[in-house]
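Close look at the chain arrangement
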Amino acid sequence: EGEGDLALFVRGDRVVAIDATCPHQGGKLELGAIEDLGRDGRVTCPRHGWCFDLADGFCEDISDYGVQAYETLVQSGIVYVGKPKPQPARE
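This report concerns the structure included in the present document. As the structure is a computational prediction, the values presented were derived from the model and not from experiment. (Residues numbered from 1 in each chain as written. Predicted model: local features only at pLDDT ≥ 70, side-chain atom pairs only at ≥ 80, totals over all residues. Heavy atoms only, no water.)

**Details of the pattern of salt bridges**
Pairing is possible between side chains that carry opposite charge, provided their charged atoms lie close to one another. Stated formally: Salt bridge criterion: a side-chain nitrogen from Lys or Arg within 4 Å of a carboxyl oxygen from Asp or Glu. Only protein chains enter the accessibility calculation, which uses a 1.4 Å probe; a residue whose area is less than 20% of its type maximum is buried, one above 50% is exposed, and one in between is partly exposed. Only runs of H or I of at least four residues qualify as helices and only runs of E of at least two qualify as strands under DSSP, and these elements are numbered from the N terminus.
For the structure shown, the criterion picks out four salt bridges. Here glutamate 35 and arginine 42 are joined by a salt bridge, their closest N and O atoms 3.1 Å apart. Residue classification places arginine 42 among the buried residues on the basis of a relative accessible area of 17%. When the shortest N-O distance is used, the salt bridge between glutamate 60 and arginine 42 registers 2.2 Å. A residue pair is termed long-range when its members are at least 10 positions apart, and glutamate 60 in the loop between strand S5 (51-53) and strand S6 (69-75) and arginine 42 in strand S4 (residues 42-44) qualify at 18 residues. For glutamate 60, a relative accessible area of 36% puts it in the partly exposed group. The structure contains a network of salt bridges with shared partners spanning Glu35, Arg42 and Glu60.

Below, the structure is given as structure tokens:
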């Protein structure tokens, strides 16, 4: 725990956090395009176009290659990143 880079995205009045590196080819997810789909949206890997749900890190293209999403809290302008969110079962 406590290792690895995170990508933070401002979504309205909240901040969401996911692992910063795409598990496929190592693309930097913080450089990816954001699509506003639902509450959190999704980010597209800039290297090869795989999409990751910002709410839970699920990869919409290859379900075996999701990234971890994390709980966040914003207080007085400081972003606190907490424990990993549970990964939902999807088909």
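So, next bit.
**Considering the side chain of threonine 44**
Put simply, the rule is: Whether two residues are in contact is decided by their heavy atoms, any of which lying within 4.5 Å being enough.
Assignment of secondary structure puts threonine 44 in strand S4. Setting aside residues up to four positions removed in sequence, threonine 44 forms contacts with Gly32, Ala33, Glu35, Gly49, Trp50 and Cys51.

**A short note on the sheet that holds strand S2 (residues 14-19)**
What counts, and what does not: Strands are treated as partners if at least two bridges between them are detected by DSSP. Simply put, an axis is a line fit to the C-alpha atoms, just over the touching stretch for a helix, and the angle between two N-to-C directions goes from 0 to 180 degrees.
Strand order in this open sheet of four strands is S1-S2-S6-S7, and the pairing throughout is antiparallel. Unpaired on one side and paired on the other, strand S1 (6-11) and strand S7 (78-84) mark the two borders of the sheet. Strand-to-strand twist across the sheet, computed as the mean angle between neighbouring axes with direction ignored, equals 30°. Relative to S6, S2 is paired through two bridges, and the arrangement is antiparallel. Residue pairing for S6: isoleucine 18 is matched across the bridge by alanine 69.

**Description of the packing of aromatic side chains**
How we decide: Pairing of aromatic rings covers Phe, Tyr and Trp, the last counted by its six-membered ring, and requires centre-to-centre distances within 6.5 Å; plane angles under 30 degrees mean stacked, over 60 mean edge-to-face, and any other angle means tilted.
Tallied over the full model, the rule gives one aromatic pair. Aromatic side chains tryptophan 50 and tyrosine 65 sit 5.3 Å apart centroid to centroid with 55° between the ring planes, which places their arrangement in the tilted category. Here tryptophan 50, found in the loop between S4 and S5, pairs with tyrosine 65, found in the loop between S5 and S6; they are 15 residues apart in sequence, far enough to count as distant. Tryptophan 50 sits in the buried class, given a relative accessible area of 14%. On the basis of relative accessible area, tyrosine 65 is assigned to the partly exposed category, the value being 35%.

Just geometry here; none of it tells us what the structure is for.
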